[in-house]
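Single-letter residue listing:
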Amino acid sequence: MQELRGKIFNIQRFSVHDGPGIRTTVFMKGCNLRCRWCHNPESYERRTQIRYFPEKCRECGACAVVCQEKIEVRGKVRQNADRCAGCGRCAKECVYDALVCLGEERTVDEVMDIVVRDRKYFDRSGGGMTVSGGEPLLWPEFVRDLMARAKETGIGTALDTAFAVPYEAFEQVRPYVDLVLLDLKSMDEKTHEQFTGKSNARILENAKRLFSEGIRTQVRVPVIAGVNDSTENAEMLRDFLKGYDCVEEVRLLPYHNMGIGKADGLGMRMEEFSPPDDERMEKLREILKR
């Protein structure tokens, strides 16, 4: 039987923001939300994509020679980039690293060969492996096998999910998950749909089921001024989480615009938002502490 392969756009070692301790974070390609502030727009598509770094480009033309779609760079712009099939020939040919291939199929063994390198740091810090994205639960079989292998080798696991998927996808990986990092964008359904492209009804339903099963969870909220930084949203979140002892922490994460440069390099356009000021962030934290 052929071994499962998952499409991954990054494996980040020594991460300290994706769960407790020092972690290695595996980023899966593909997402079914379209958050307008996303800081990983390269995760949108399941297909392999090419990111262009104009500041590194010398416009030597080597990429155009090998491109079957006849994409070339003129004036630091990839002409007809929408025709890109993601074959990666241009990235291999570019000696200046101005073109980078995002999205590589890997087996569980290939991923674990990287993860286990940092086992001593996991052991000392209480860290482990986090599987993120994109939305990792769009790859439930691969994530299941990857987490099962990590558990077999004594490495702790965390799953970072927006949960806009059928609960059955989570049930496949649940036996191997130590901690869920649950991203909640907005408690208001209309706001959620306006800024992510989907209703939050399924997400909140899944979250309640998750909490009722007592699974260790940390809730993470990206806070964007004028979108979800209202007192009302914080109160709704507080009331939603009330009474669930398995929710260990709620982290409010101020918006940053790192995704804009990435989107530009992919030929996408992403609007810029604003982070809330320190006073607003402190007020939201106080509401959640009550």
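Residues numbered from 1 in each chain as written. Predicted model: local features only at pLDDT ≥ 70, side-chain atom pairs only at ≥ 80, totals over all residues. Heavy atoms only, no water.

Colleague: Quick one: what's the story with unusual backbone geometry, residue by residue and with numbers?
Modeller: Following Gly133, the chain continues into Gly134 via a peptide bond in cis, with omega recorded as 10°. With respect to the helices and strands, Gly134 occurs in the loop between strand E8 (128-132) and helix H5 (140-152). Located in the positive-phi region is Glu59, a residue other than glycine, with phi close to 50°. Residue classification places Glu59 among the partly exposed residues on the basis of a relative accessible area of 37%. Backbone geometry places Lys76, a non-glycine residue, at a positive phi of 60°. Of note, Lys76 is situated in the loop between strand E4 (72-74) and strand E5 (77-79). A residue is classified by how much of its surface remains accessible, and Lys76, at 34% relative accessible area, is partly exposed. (Helix = DSSP H or I, 4+ residues; strand = E, 2+ residues; numbered from the N terminus. Buried < 20%, exposed > 50% of the residue type's maximum accessible area, 1.4 Å probe, protein only.)

Colleague: Run through the packing of aromatic side chains, naming residues and quoting values.
Modeller: Under the criterion given, the structure shown has 11 aromatic pairs. Centre to centre, the rings of Trp37 and Phe195 are 6.3 Å apart; their planes meet at 35°, and the pair counts as tilted. Placement of Trp37 in the loop between strand E2 (23-28) and strand E3 (49-52) and of Phe195 in helix H7 (residues 189-196) is noted, with a sequence separation of 158 residues between them. Considered together, Trp37 and Phe195 belong to a single accessibility category, that of buried residues. Linked through ring pairs, Trp37, Phe195, Tyr255 and Phe273 together constitute an aromatic cluster. Sitting over the face of the ring of Trp139, Arg46 holds its NZ or CZ atom 3.8 Å from the ring centroid. Arg58 extends its terminal NZ or CZ atom over the ring of Tyr96, reaching a point 5.5 Å from the ring centre. (Phe/Tyr/Trp six-rings, centres within 6.5 Å; stacked < 30°, edge-to-face > 60°. Lys NZ or Arg CZ within 6 Å of the ring centre and 35° of its normal.)

Colleague: Help me get a handle on the sheet that holds strand E11 (residues 217-223), residues and values and all.
Modeller: Overall, mixed pairing links the 8 strands, which are arranged E7-E1-E2-E8-E9-E10-E11-E12 in an open sheet. Here the strands that pair on one side only, and so sit at the sheet edges, are strand E7 (104-107) and strand E12 (247-254). Strand-to-strand twist of the sheet, defined as the mean angle between neighbouring strand axes without regard to direction, takes the value 30°. (Pairing = 2+ DSSP bridges. Axes fitted to C-alpha atoms, helices over the stretch in contact; angles between N-to-C directions.)

Colleague: Report on H7, specifying residues and quantitative values.
Modeller: Every buried residue of H7 is accounted for by Thr191, His192, Phe195 and Thr196. Looking straight down H7, one finds its buried side chains confined to an arc of 100°; they lie on one side. Tucked into the core, H7 has its buried residues touching helix H8 (201-212). The residue sitting at the N-terminus of H7 and contributing the capping side-chain oxygen is Asp188; that oxygen lies 3.3 Å from the backbone nitrogen of Lys190. Phi turns positive, to about 90°, at Gly197, one or two residues after H7. (Arc of directions from axis to C-beta. Contact = heavy atoms within 4.5 Å. Polar contact = N/O pair within 3.5 Å; in protein donor to acceptor, adjacent residues only side chain to side chain.)

Colleague: Help me get a handle on the environment of Asp109, residues and values and all.
Modeller: Examined against the element boundaries, Asp109 turns out to sit in helix H3 (residues 108-115). The partly exposed category is assigned to Asp109, whose relative accessible area is 35%. Separated by 40 residues in the primary sequence, Asp109 and Arg149 place their C-alpha atoms 8.6 Å from one another. Other than its neighbours up to four places away in sequence, Asp109 contacts Glu3 and Arg149. Polar side-chain contacts of Asp109 include one of 2.4 Å to the side chain of Arg149.

Colleague: Report on the side chain of Arg238, specifying residues and quantitative values.
Modeller: Looking at where Arg238 falls in the secondary structure, it is placed in helix H9 (residues 231-241). There is a polar contact of 3.2 Å between the side chain of Arg238 and the side chain of Asp239. If sequence neighbours within four positions are ignored, Arg238 has contacts with Ile287, Leu288 and Arg290.

Colleague: Describe empty space enclosed by the protein, and please don't skip the residues or the numbers.
Modeller: In the structure shown here, the tally under the stated rule is 3 cavities of 30 Å³ or more. By volume, the largest cavity amounts to about 60 Å³. Forming the boundary of the largest cavity are Val221, Val223, Asn228, Asn233, Ala234, Leu237, Leu252, Leu284 and Leu288. Breaking the lining of the largest cavity down by element, the ones donating at least two residues are E11, H9 and helix H11 (278-289). In terms of residue count, the dominant contributor to the lining of the largest cavity is H9 (3 residues). Among the residues making up the lining of the largest cavity, the classes are represented as 7 nonpolar, 2 polar and no charged. Counted as a void, the second largest cavity has a volume near 50 Å³. Lining the second largest cavity, in full, are Cys63, Cys67, Ile71, Glu72, Val73, Arg78, Cys90 and Leu99. A per-class count over the lining of the second largest cavity returns 6 nonpolar, no polar and 2 charged. (1 Å grid on protein atoms, 1.4 Å probe; cavity = no way out; pocket = protein on both sides within 12 Å on 5 of 7 lines; lining within 4 Å. Points joined across faces, edges and corners; volume = space filled by probe spheres on them. Nonpolar A, V, L, I, M, F, W, Y, C, P; charged D, E, K, R; others polar.)

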